[in-house]
Amino acid sequence: MKSIFTTLLVAVFSCVSIFAQEEFTVSSAEITFNFDSKNVDGTISGFESESKIDFSNITQSKFKGSVMVETIKTGNFLRDWHLQGNKYFNVDKHPKIVFESTQIVENKNGFTVNGSLTLKGTAKPIAINFTQDQLQLVGTTTLFSSDYGIAIKQDRADNKVKVTIILQLKK
């Protein structure tokens, strides 16, 4: 009886250990943004990811992904076309927005992914705060489009963009 109990305990802890070390990838993303000073909401898609997420050791995970600039949607076809032009995003020369993590730090509400965001050929450090809900990660960050050569308004503060990223995970 003692042998059966020991075998059962080993089997249970082995299963828990295997699950805890399971690596996840990103199957899809929903990315939305709000341009404060213009009161413009939008989305961007064409998402690709090479992320590897290990919740048992989140600091060793890797976040890497991109979106296609040509997919920017703000609810106004002419504005979208104008944003994709040379004056702003220059989709012909810079078709993708790319993010790659450099460090992941756990915090009380989830974790922060620090990394490099490349937008219109300019790479800048950025931090994205994530929370987890089952097989979904919700990230938020704020950036200034003028820091990337996309000055919609004259004053830097008026170029503030709030971004929300919802990542669907798969095993």
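### Section: the pairing of strand S6 (residues 96-107)
Step number 1: Where strand S5 (residues 64-68) lies against S6, five bridges are found, and the strand directions are antiparallel. Of the residues in S6, the one forming a bridge with Ser66 is Val98.
Step number 2: Here S6 pairs with strand S7 (residues 110-119) via nine bridges, running antiparallel. Residue Ile104 lies in a different strand from S7, and its bridge partner there is Val113.
Step number 3: The turn linking S6 back onto S7 is made up of two residues.

### Quick word on a nonpolar patch on the surface
Step number 1: A cluster of nonpolar side chains, Phe77, Leu78 and Trp81, forms an exposed patch at the surface whose accessible area comes to about 450 Å².
Step number 2: By the element assignment, Trp81 lies in helix H2 (residues 77-84).
Step number 3: Overall, Trp81 belongs to the exposed group, its relative accessible area being 60%.

What counts as what
- Residues numbered from 1 in each chain as written.
- Predicted model: local features only at pLDDT ≥ 70, side-chain atom pairs only at ≥ 80, totals over all residues.
- Heavy atoms only, no water.
- Pairing = 2+ DSSP bridges.
- Helix = DSSP H or I, 4+ residues; strand = E, 2+ residues; numbered from the N terminus.
- Patch = residues over 30% accessible without salt bridge, like charges linked within 9 Å, V, L, I, M, F, W, Y side chains within 5 Å.
- Areas by Shrake-Rupley, 256 points an atom, 1.4 Å probe, with all protein chains shown as cover.
- Salt bridge = Lys/Arg side-chain N within 4 Å of Asp/Glu carboxyl O.
- Buried < 20%, exposed > 50% of the residue type's maximum accessible area, 1.4 Å probe, protein only.

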